[in-house]
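Survey of secondary and tertiary structure
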Amino acid sequence: MENRFDIIIIGAGSTGVPLAYFLAKEGVKVLVIEKEKSPGQGSNKAAIGGIRATHSNPAKIVVGLKSIEIFKNWEMETGDNIEWYQGGYSFVTYRKSDEETLKELVRYQKNYGLNIDFLNRNDLLEKIPALNPYGLRGGTYSPEDGSASPLLAINSFYRHAVKHGTTFLFDAEVTGFTKNKHSIIEVKTTKGNFRGDIFINAAGAYASQIASMAELSIPVNPDSHEAGVTEPVKRFFDPMIVDIRPQEGSKNFYFYQHKTGQIIFCLTPYPSIWGFDVRETSEFLPQVARRMIEVVPKLVNIRVRRTWRGLYPMTPDGNPIVGFLEINNFLQLAGMCGQGFMLGPGLGFYLAKYLIGEKLDEVDLILREFNPGREFAKEEMLK
Ligand SMILES: Cc1cc2nc3c(=O)[nH]c(=O)nc-3n(C[C@H](O)[C@H](O)[C@H](O)COP(=O)(O)OP(=O)(O)OC[C@H]3O[C@@H](n4cnc5c(N)ncnc54)[C@H](O)[C@@H]3O)c2cc1C
């Protein structure tokens, strides 16, 4: 195997694989190094598949819109079915305080050209008749958001990246770097050392470990979240439903009906559960099931097939870390929090343009907002 590449990406996950694909399409010679035996085996396969542009950070909005365009056109362009379904998103509200927050956010999001509205109770019930009407005050509705299968998507990006000439090295763990003061010369792995012009840290929940191998510090911490899937049933609602009311043990939860009929759901634990433990718990299912049935009572009849647990690569402000920091040729593409699947393709598209030297306003915005050297003080509202 050759040992010199233009760009070396560490991590074949939600961000690394789409970036490899877009770079390879531009004719860049790329190596992706992955410690697991196939793509998507880190956080990517734990994601439930939600894809939205409805964020509170302008760079996330821009990236989200690009990702939606990519996911939506993917089957037409490549022939691969990734189970994209444009069912929209709805942040529902049963409390006055949430209603006010969401209405203010919708005004902001509209300024960025997002197709989103705050619907009153009756209009929302028309869109989602399955919602519990008691105490419902309304909610946001953004019909262009959607969902897809994280495993089908990453495998499709992987196959097309290979077709365009990307080399993937699986079952190879990055263990260190050889560097001088301001740049990396080579990356060391359990399967040999590789030289490159640019190195990219796309190691997800392990990104701060990879950074520290180059004596860099980035604040990415693994935060564990559980999810589950039901048996498939006839379609009875479209959007991803997000309930932001905190309750004992959890902050918010969200669920949607996948293109193939299953309800897929997830809950944000409170307090956060830090660490790398991905063993499912016995608390999650009763906790989330009770909350889901409160919002969509019909769910009481549907059987759950399985649950799993994975890691959010969290940052202190809920926004990703993207850009160069101290070392000239070591790009950080990390800290995707709960949104790496939806941000991966958009970020891959824009970063590929940036790395081949194209100037785009979107790239300036991304590098400014996600700057690795920022203060991490302005928190994303919908992280
Ligand atoms: C329950 C749950 C539900 C979620 N739902 C959604 C959702 O609906 N929508 C959404 O957008 N996001 C969702 N997410 C978040 C999403 O999964 C992550 O943000 C995303 O996968 C992170 O992408 P990444 O490329 O940074 O990391 P990963 O996809 O984890 O990729 C990093 C890769 O780096 C590899 N690696 C690490 N260390 C090394 C090393 N030393 N050497 C070589 N390789 C290494 C790992 O094995 C891994 O494959 C969810 C997450 C969880 C846990």
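All figures in this text were calculated on a predicted structure; none of them were measured in a lab.

Regarding the site of the ligand
Lining the immediate environment of the ligand, one finds 38 residues, of which Ser14, Glu34, Ser43, Cys337 and Met342 sit closest. Measuring from an oxygen atom of the ligand, one finds a side-chain N or O atom of glutamate 34 at 2.6 Å. For the shell around the ligand, the elements supplying multiple residues, two or more each, are strand S12 (221-232), strand S16 (304-314) and helix H8 (340-355). The biggest single contributor to the shell around the ligand is S16, with four residues. Taken together, the residues of the shell around the ligand sort by class into 19 nonpolar, 15 polar and four charged. Per-domain counts for the shell around the ligand show at least three residues from each of domain 1 (4-69 + 150-219 + 317-369) and domain 2 (87-143 + 222-312).

Brief notes about the sheet that holds strand S15 (residues 262-269)
Pairing is mixed across the open sheet formed by eight strands, whose spatial order is S5-S6-S4-S13-S14-S15-S12-S16. The outermost strands of the open sheet, each flanked by one partner alone, are strand S5 (117-120) and S16. Here the average twist between neighbouring strands, direction ignored, is 20°. Across four bridges, the pairing between S5 and strand S6 (residues 138-141) is antiparallel. If you follow asparagine 120 over to S6, its bridge partner there is glycine 138. Helix H7 (residues 284-295) contacts strand S4 (89-93), S12, strand S13 (240-243), strand S14 (250-257), S15 and S16 of the sheet and is inclined by roughly 110° relative to S15.

What about the pairing of strand S1 (residues 4-10)?
A regular strand places its side chains so that they alternate between the two faces of the sheet. Burial within S1 is extensive, with five of its seven residues counted as buried. Pairing between S1 and strand S11 (residues 192-201): six bridges, direction parallel. If you follow isoleucine 7 over to S11, its bridge partner there is isoleucine 198. In the sheet, S1 pairs with strand S2 (residues 30-33) via four bridges, with the strands oriented parallel. By the bridge assignment, isoleucine 7 is partnered in S2 with valine 30. Taken together, S1, helix H1 (residues 16-25) and S2 form a β-α-β motif whose crossover is right-handed.

Describing the domain arrangement of the protein
Partitioning the protein into domains gives domain 1 (4-69 + 150-219 + 317-369) and domain 2 (87-143 + 222-312). One C-alpha centre belongs to domain 1, the other to domain 2, and the line joining them spans 28 Å. Each side of the interface is counted separately: domain 1 has 21 residues, and domain 2 has 22 residues. Between domain 1 and domain 2, a total of about 1,700 Å² is buried, with carbon and sulfur atoms accounting for 71% of that surface. Our enumeration of links across domain 1 and domain 2 arrives at zero salt bridges. Of all the elements in the fold, those that place two or more residues in the side of domain 1 that touches domain 2 are strand S3 (50-51) and helix H2 (58-78). A per-element tally of the side of domain 1 that touches domain 2 places H2 first, with three residues. Tallied by class, residues from the side of domain 1 that touches domain 2 come to 11 nonpolar, eight polar and two charged.

Parameters at a glance
- Residues numbered from 1 in each chain as written.
- Predicted model: local features only at pLDDT ≥ 70, side-chain atom pairs only at ≥ 80, totals over all residues.
- Heavy atoms only, no water.
- Near = heavy atom within 4 Å.
- Polar contact = N/O pair within 3.5 Å; in protein donor to acceptor, adjacent residues only side chain to side chain.
- Helix = DSSP H or I, 4+ residues; strand = E, 2+ residues; numbered from the N terminus.
- Nonpolar A, V, L, I, M, F, W, Y, C, P; charged D, E, K, R; others polar.
- Domains from an automatic or database assignment.
- Pairing = 2+ DSSP bridges.
- Axes fitted to C-alpha atoms, helices over the stretch in contact; angles between N-to-C directions.
- Contact = heavy atoms within 4.5 Å.
- Buried < 20%, exposed > 50% of the residue type's maximum accessible area, 1.4 Å probe, protein only.
- Right-handed = clockwise from strand over helix to strand, strands pointing away.
- Buried area = accessible area lost by both parts, 1.4 Å probe.
- Salt bridge = Lys/Arg side-chain N within 4 Å of Asp/Glu carboxyl O.

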